[in-house]
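A structural walkthrough
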Amino acid sequence: MAQSDVDVVVVGAGFAGMYLLHELRKTGFSYRVLEAGDDVGGTWYWNRYPGARCDIATTDYQYTWDPELHEQWQWSEKHAAQPEILRYAQFVAKKHDLYSGIEFNTRVDGAQWNEVAKRWSIHTSTGETITCQHYVMATGCLSVPKEPDINGTEKFTGNVYVTGRWPHEGVDFTGKRVAVIGTGSSGIQSIPHIAEQAKELVVFQRTPNFSMPAFNGPPPQDRVERLKADRATYEHEARYSGTGVPLEDSTVSALSVTQDEAFEMLEEAWQKGELLSLGNTFMDSAINRKANDVVAEFMRMKVRSVVKDPAVAELLSPYKHGYGTKRPCMDTGYFETFNKPHVRLVDLNAQPIRSITETGIDFGKESMEFDAIVYATGFDAMTGAIVSANITGKNGVTLKSKWEHGPLTYLGLTSVGFPNLYMITGPGSPSVLSNMMVSIEQHVDWIRDTLVHMRENSFDTIEPTPLAEEGWRVHCTDCADITIFQEANSWYMGANVPGKPRVMFPYIGGVGRYRMACEEVVAKGYLGFELAGSTKKQCNDGLVRQVQPDVDMVLDFISTLNLPAMETMSPTEARAFSEASSAMRPSGPEVGEITDGVLQGADGELQYRLYRPATPGPHPIAVYFHGGGWVFGSHTSDDPLCRDLCAQSNTLIISVNYRHAPEAPFPAAAEDGFAALKWVHANAAALGGLAEKIAVAGWSAGGNVAAVTAQMSRDTGGPQISGQLLLCPVTDGSHQHGSHIENGERFILTKSLMEWFWNHYATPEQRKNPQASPLLASSLAGLPPTMLVTCQFDPLRDEGNAYARALMQAGVKVEHVEARGHIHTSITMVDMLPSGAPHRREMARALRGFFS
Ligand code: N01
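Let me begin by describing the structure that accompanies this report. (Residues numbered from 1 in each chain as written. Predicted model: local features only at pLDDT ≥ 70, side-chain atom pairs only at ≥ 80, totals over all residues. Heavy atoms only, no water.)

Looking now at the overall build of the protein chain. Broken down by element type, the protein chain carries 27 helices and 29 strands. The globule rule puts the C-alpha radius of gyration for 852 residues at 29 Å, and the 31 Å found for the protein chain is close to it. When its C-alpha atoms are laid out on the principal axes, the protein chain stretches across 90 × 75 × 50 Å. Going through the 852 residues of the protein chain one by one, you find that 59% of them count as buried. (Helix = DSSP H or I, 4+ residues; strand = E, 2+ residues; numbered from the N terminus. Rg over C-alpha atoms; globule rule 2.2 N^0.38 Å. Buried < 20%, exposed > 50% of the residue type's maximum accessible area, 1.4 Å probe, protein only.)

Another aspect to go through is the packing of helix 8 (residues 259-272) against helix 10 (residues 289-306). Packing of helix 8 against helix 10 brings their axes to within 10 Å, and their N-to-C directions diverge by 65 degrees. With respect to each other, helix 8 and helix 10 are oriented roughly perpendicular. Read as a crossing pair, helix 8 and helix 10 show a hand that is right-handed. Here Q259, A262, F263, L266, E267 and W270 of helix 8 lie close against helix 10, whose contacting residues are V294, V295, E297, F298, M299, M301 and K302. Of the residues assigned to the contact of helix 8 with helix 10, the class counts are nine nonpolar, one polar and three charged. (Axes fitted to C-alpha atoms, helices over the stretch in contact; angles between N-to-C directions. Parallel < 35°, antiparallel > 145°, perpendicular 65-115°, else oblique. Left-handed = near helix turned anticlockwise from the far one by under 90°. Contact = heavy atoms within 4.5 Å. Nonpolar A, V, L, I, M, F, W, Y, C, P; charged D, E, K, R; others polar.)

Applying the stated criterion to the full structure yields 54 salt bridges. With a shortest N-O distance of 3.9 Å, E235 and R239 are connected by a salt bridge. One end of the pair is E235 and the other is R239, both in helix 7 (residues 231-239) and four residues apart, which spans about a single turn. According to the relative accessible area criterion, E235 is buried, its value standing at 12%. Where D293 meets R289, a salt bridge forms, and the shortest distance between an N and an O atom there is 3.7 Å. A residue pair is termed a helical-turn pair when its members lie 3 or 4 positions apart in one helix, as D293 and R289 do in helix 10 at four residues. Given a relative accessible area of 33%, D293 falls into the partly exposed group. (Salt bridge = Lys/Arg side-chain N within 4 Å of Asp/Glu carboxyl O.)

Moving on: a negative patch on the surface. Taken together, the side chains of D260, E261, E264 and E268 make up a negatively charged region of the molecular surface. Assignment of secondary structure puts E268 in helix 8. Classification of E268 as exposed rests on a relative accessible area of 55%. (Patch = residues over 30% accessible without salt bridge, like charges linked within 9 Å, V, L, I, M, F, W, Y side chains within 5 Å. Areas by Shrake-Rupley, 256 points an atom, 1.4 Å probe, with all protein chains shown as cover. Lys, Arg positive; Asp, Glu negative; His and termini not counted. Charge placed at Lys NZ, Arg CZ, Asp CG, Glu CD.)

This part is about the side chain of R840. Counting through the fold element by element, R840 comes out in helix 27 (residues 837-851). A polar atom in the side chain of R840 sits 3.2 Å from the side chain of D644. The contacts of R840, once residues within four sequence positions are left out, are L641, D644, Q648, I827, M829, V830 and D831. (Polar contact = N/O pair within 3.5 Å; in protein donor to acceptor, adjacent residues only side chain to side chain.)

Once that is clear, we can look at the site of the ligand. The ligand sits among 25 residues. The nearest are K146, D149, S186, T207 and K326. At a separation of 2.9 Å, an oxygen atom of the ligand approaches a polar backbone atom of T183. Within the contact set of the ligand, an oxygen atom lies 3.0 Å away from a side-chain nitrogen or oxygen of W491. Relative to its unbound accessible area of 910 Å², the ligand is 90% covered by the protein chains. For the shell around the ligand, the element with the highest residue contribution is helix 5 (residues 185-197), accounting for three residues. Class assignment of the residues belonging to the shell around the ligand gives a composition of nine nonpolar, nine polar and seven charged. (Near = heavy atom within 4 Å.)

In space, the eight strands of this open sheet follow the order 22-23-25-24-26-27-28-29, with mixed pairing throughout. The two strands at the open ends of the sheet, each matched to only one other strand, are strand 22 (593-601) and strand 29 (814-819). Pairs of neighbouring strands in the sheet enclose a mean axial angle of 20 degrees, with direction left out of account. As defined by bridge partners, strand 27 (residues 723-727) adjoins strand 28 (residues 786-791) across four bridges and the pair is classed as parallel. Note that in strand 28 the partner of L727 across the bridge is V789. Across the sheet, helix 23 (residues 701-715) lies against strand 24 (619-625), strand 26 (689-699) and strand 27, angled at about 135 degrees from strand 26, the strand it touches most. (Pairing = 2+ DSSP bridges.)

To continue, consider helix 21 (residues 668-682). In a regular helix each residue adds 1.5 Å, so 15 residues correspond to 21 Å; helix 21 covers 21 Å between its end C-alpha atoms and thus fits that length. The buried count for helix 21 comes to 11 of 15 residues, which makes it a mostly enclosed element. Taken as a whole, helix 21 has its buried residues at A668, A669, A670, D672, G673, F674, A675, A676, L677, W679 and V680. (Expected span 1.5 Å × (residues − 1).)

The omega torsion of the bond from A661 to P662 falls at 5 degrees, within 30 degrees of zero and hence cis. As for its position among the elements, P662 is in the loop between strand 25 (652-656) and helix 21. For N650, which is not a glycine, the phi torsion comes out positive at approximately 55 degrees. By the secondary structure assignment, N650 is in the loop between helix 20 (639-649) and strand 25. On the basis of relative accessibility, which here comes to 32%, the residue N650 falls in the partly exposed class. For I748, which is not glycine, the phi dihedral falls at a positive 70 degrees. Tracing the backbone through its elements, the reader meets I748 in the loop between helix 24 (738-742) and helix 25 (751-761). The class for I748 is partly exposed, based on a relative accessible area of 33%.

Our focus in this paragraph is the environment of R820. Inspection of the secondary structure assignment puts R820 in the loop between strand 29 and helix 27. Taking the relative accessible area as the measure of exposure, R820 reaches 39% and is therefore partly exposed. Each C-alpha atom of the pair R820 and Q548 lies 7.6 Å from the other, and the pair is 272 residues apart in sequence. Beyond its immediate stretch of four places on either side in the chain, R820 contacts V474, D478, Q548 and Q792.

Turning our attention to the pairing of strand 6 (residues 129-137). Within strand 6, seven of the nine residues are buried, leaving the element largely enclosed by the surrounding structure. Direction of pairing for strand 1 (residues 5-11) relative to strand 6: parallel, over a ladder of six bridges. Note on strand 6: the bridge partner recorded for V9 is Y135. Here strand 5 (residues 119-124) runs beside strand 6; their pairing, made up of four bridges, is antiparallel. The partner of I122 across the bridge, within strand 6, is I130. Bridge analysis of strand 6 against strand 18 (residues 421-423) gives three bridges, and the strand direction is parallel. Its bridge partner being in strand 18, M137 is matched across the sheet by M423.

A word on the packing of helix 21 against helix 23. Contact geometry of helix 21 with helix 23 gives a least axis separation of 9 Å together with a crossing angle of 65 degrees. By crossing handedness, the relation of helix 21 to helix 23 is classed as right-handed. Between helix 21, through A669, A670, E671, G673, F674 and L677, and helix 23, the contact on the second element is made entirely by V705, V708, T709, M712 and S713.

On to the state of the cysteines. Applying the stated criterion across every chain yields a total of zero disulfides. C476 carries a free sulfur, and the closest cysteine sulfur to it, the one in C479, is 6.4 Å from it. (Disulfide = S-S within 2.5 Å.)

Counting 75 residues, the largest nonpolar core has F15, Y61, Y63, Y88, L411, I424 and W472 as its most contacted members. Mapped onto this core, the elements with two or more residues apiece are strand 1, helix 1 (15-26), helix 4 (82-95), helix 15 (436-456), helix 16 (466-481), helix 17 (511-523) and strand 20 (529-532). Per-element tally for this core: the top contributor is helix 15, with nine residues. What L411 contacts, discounting residues up to four positions off in sequence, is G428, S429, H443, W446, W472, Y514, C518, V521, F529 and V544. (Core = buried A, V, L, I, M, F, W, Y, C linked by side-chain atoms within 4.5 Å.)

Attention now goes to the pairing of strand 12 (residues 343-347). Taken across its five residues, strand 12 has four buried, putting it largely inside the fold. Here strand 9 (residues 200-205) runs beside strand 12; their pairing, made up of five bridges, is parallel. Paired with V203 across the strands is L345, a residue of strand 12.

Written as structure tokens, this is what we have:
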């Protein structure tokens with residue numbers, strides 16, 4: 001007789017539940033494992049449709065926790081078919097005696113948290129109630145088929161099949177008239193097989209999908225060799241990779257090569273017959289629509305090369321969504337199938353289904369009769385299986401109601417209000433965007449270790465904090481925001497199920513980065529969790545990820561380069577270093593015209609670069625001062641940012657090469673700034689600009705020059721300024737602000753580099769002068785409207801924030817943005833860091849606003 005009170009209840013005996021069962025036994029927890037099916041295998045138990053096959057190679061889609069399996073099990077193919085994967089699951093279950101620990105044909109009808117007993121009550125379809133301390137949903141991401149949302153489905157009297165619930169005995173379509181609805185992975189894999197048997201096959205397509213041939217054969221020899229030579233390294237690389245397969249990340253932009261070169265690279269990936277190779281060819285196909293178009297066009301070209309009827313080829317070619325933004329497919333002979341005379345494609349956009357009838361389907365102006373209808377219409381993905389299990393947490397709140405507007409989890413593993421509930425590959429974890437085997441093993445390991453930690457430390461409950469959960473939601477959204485995934489109506493976005501909230505369900509920041517976040521949480525004493533026992537409580541509240549994900553990647557990359565600190569260089573070396581770094585960045589958008597010239601500074605001529613919008617002039621003008629700590633940089637060094645501001649704000653930008661320290665220390669830069677403003681004002685018409693519409697702008701030390709210039713202009717009756725745009729300005733050299741310490745290391749501009757800049761520019765006494773430290777001016781009243789952007793992880797954040805506050809207090813109209821998750825340099829990194837783009841848009845809007 002099974003125990004009715006156990007340490008852990010696990011729902012599901014797919015690969016996740018099987019491994020967890022093994023680990024629970026190993027670590028000595030009592031358990032019950034409940035499975036709705038009558039065998040192990042999960043996804044591979046239910047999805048038995050013809051042609052079902054994994055799209056991750058067998059070298060990677062297998063367990064790693066039992067090294068013996070690698071000797072005892074040999075895969076026959078590169079991409080294993082469903083029967084072989086199911087046999088593998090059964091083999092593992094027999095080898096480890098897992099069958100004896102699983103209760104089959106047992107569904108969970110509901111679960112309630114008992115706050116007094118600190119236990120879950122689980123109600124099963126057999127009428128039993130089991131109580132447990134920990135409750136684990138190992139229910140899979142794609143296990144609940146979507147309810148058919150087509151008129152009249154109940155009327156059809158012929159045979160109905162759903163790909164995700166295929167009959168175990170198989171189906172013979174010989175001589176039959178068959179309709180298949182849906183062209184996702186399941187449709188695309190099954191259609192060629194159904195076409196081989198059916199007398200007539202009609203495929204109803206709502207959205208064409210990207211698909212590539214699997215070129216199936218033996219497992220990829222190079223990877224088999226790598227595995228044999230050094231399995232530990234291979235598996236480590238997989239665990240810290242982007243997708244759970246150890247592929248080298250591309251460093252090539254699709255926009256940096258010609259189309260011919262791009263197609264050659266894509267052809268090479270195509271010939272490998274591996275889904276991830278194609279998506280990994282270019283570094284920017286997931287984040288840049290134009291880069292993605294290169295891949296999409298390659299795929300469309302492939303469709304045209306196979307499908308003989310150009311009209312059909314066109315219908316089978318995706319245009320509305322980017323490559324990869326809906327799960328791309330791997331097929332065997334899919335597009336070729338449409339060359340067969342008995343196969344027809346119906347475009348549901350032109351001929352929508354009016355109704356399923358008793359004998360067939362009415363669509364467009366036609367009616368057709370069928371013997372069988374196959375629904376390959378997908379799943380209520382990621383959350384369907386979890387919310388349908390009726391989970392009620394603290395205070396009677398159900399998970400379903402909590403997730404009404406989108407799933408809220410911490411790390412995709414846990415959720416506030418549901419203590420001791422764990423989800424394996426839940427929403428907010430990489431799950432379906434990864435090799436599931438790698439992600440499953442990581443989650444099982446994390447849960448096992450957490451349970452052991454709690455037992456060893458006498459904690460009864462674990463629950464994430466609201467702060468940590470909200471922080472994770474924000475981080476997941478930040479990750480999704482820098483991609484183009486949200487443009488597509490995909491099941492990743494919940495868009496396939498009517499009424500489902502439209503959010504990005506999986507975590508798109510990558511398997512390795514995700515794993516590191518989970519490890520960091522544990523290393524920091526379960527950061528963001530509250531652990532409680534009968535006599536003690538522990539809560540290290542906080543956020544595990546705050547820096548914007550693309551900024552974080554750049555910081556990680558830079559840290560691998562072991563670059564010397566700039567403050568250890570001479571000014572000449574630092575200038576050369578800065579120039580060399582600038583040469584490697586993208587150039588920024590096209591503008592109407594770029595010309596170089598000289599203007600009159602405070603003590604001689606200064607070079608300037610003029611960026612003219614492509615629209616007819618005359619234009620408003622922004623006199624721009626570059627960053628570089630008054631020591632390095634020039635009129636061309638902020639080129640991408642100046643182009644971006646010019647193009648987006650329709651403003652003529654004049655970037656000034658003011659004099660630099662230590663050769664020309666304070667107040668040279670300030671005086672040059674003011675002289676440049678006066679010269680531009682006097683020569684505005686000749687430059688194609690409007691003298692009555694001039695603003696100043698600058699970044700970092702250039703922001704300091706701009707702010708000082710605005711004050712000097714106010715104080716000495718200089719030209720009337722329409723506005724000042726200050727990005728991360730230096731405003732106060734007289735004392736250290738908190739952010740100098742808080743953000744003093746790791747974020748490119750360091751505390752010691754800032755000190756180095758100041759030491760070259762101004763003496764401690766000079767720094768008290770408002771022309772060095774504009775924050776110290778006796779009054780800020782009468783300054784022009786201001787847009788001031790500071791960055792959360794900038795050492796200069798607090799002095800910028802203080803300047804914004806002081807301006808407001810002085811009655812100046814100020815728009816102040818503290819860019820969340822950004823560092824001193826990130827907003828200037830045009831076309832490199834997508835997360836900076838919204839802030840530049842706002843800066844450009846503000847600039848335009850100064851002149852309206
Ligand atoms: O489901 P899907 P799937 N009227 O949602 C269409 C994994 N998987 O079962 O795109 C008409 O992708 C729908 O149209 P649209 C893999 O992750 C892996 O095929 O919403 N059509 C779409 O064409 C995969 O992504 C493997 O406009 C309707 C199709 O049905 C995921 O499972 C194999 C409709 C559903 O496609 C799901 O794949 C199989 C309607 N009312 C699955 N409703 C491998 O490892 C939906 N559709 C290879």
